[in-house]
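Geometric and topological summary
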Amino acid sequence: MVILGSSSPTRAMMLERAGLEFEQRSPNFDEDTINEENPKTFAYLAAKGKMEASIKEFGPDKTIICADSLVGVGDLKLGKAKTEEEAREKLALQSGNEVYIVSCTLLHTPKLDLIDVSKTTYKFN
């Protein structure tokens, strides 16, 4: 059984669609404590922090998946919107601009650890 170390409904849906059996559990980690401007480094540190907390809370003998994604425009990192108005503001910033999504996914098993970092860039009409 895989533990998804995340409260994200989207990540859970992706694992369901892949046909994986998993248990969704949120580790005790606050990504707001990360003070990092580089998007790739931020996504890595956030996913790593979630993984370290998950291993500590759920055990090193478990198979765990943790991830973090970051959306940005130019040098501006767009965090998660806390209100509908903030979400509209963030969408307006993306409109007509080149936008990127940086994702970092970590997989921990009792025998190995894997890390994947990717960046997708697109033009938002």
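Notes on the structure in this doc start here. (Residues numbered from 1 in each chain as written. Predicted model: local features only at pLDDT ≥ 70, side-chain atom pairs only at ≥ 80, totals over all residues. Heavy atoms only, no water.)

**Brief notes about the side chain of lysine 50**
- Within the secondary structure layout, lysine 50 lies in helix α2 (residues 39–58).
- You can call lysine 50 buried: its relative accessible area is 12%.
- Those residues in contact with lysine 50 that lie beyond four places of it in its chain are Gly5, Pro27, Phe29, Glu31, Cys66, Ala67 and Asp68. (Helix = DSSP H or I, 4+ residues; strand = E, 2+ residues; numbered from the N terminus. Buried < 20%, exposed > 50% of the residue type's maximum accessible area, 1.4 Å probe, protein only. Contact = heavy atoms within 4.5 Å.)

**Brief notes about the pairing of strand β5 (residues 98–108)**
- As paired elements, strand β3 (residues 63–73) and β5 share ten bridges and run antiparallel to each other. What sits directly across from isoleucine 65, in β5, is leucine 107.
- Across eleven bridges, the pairing between β5 and strand β6 (residues 113–123) is antiparallel. Paired with leucine 106 across the two strands is isoleucine 115, which belongs to β6. (Pairing = 2+ DSSP bridges.)

**Describing the side chain of glutamine 94**
- Tracing the backbone shows glutamine 94 in helix α3 (residues 84–94).
- Those residues in contact with glutamine 94 that sit more than four places away from it in its chain are Val71, Val73, Leu78, Val99, Tyr122 and Phe124.

**What about the pattern of salt bridges?**
- Inspection of every chain in the model, using the stated rule, returns seven salt bridges.
- Between lysine 80 and glutamate 31 there is a salt bridge, with the nearest N and O atoms lying 3.2 Å from each other. Pair noted here: lysine 80 is in the loop between β4 (76–78) and α3 and glutamate 31 is in the loop between β2 (22–25) and α2, with a separation of 49 residues, a long-range link.
- Relative accessible area serves as the criterion here: at 61%, lysine 80 is assigned to the exposed category. (Salt bridge = Lys/Arg side-chain N within 4 Å of Asp/Glu carboxyl O.)

Everything listed here is a matter of geometry and, on its own, says nothing about what the molecule does.
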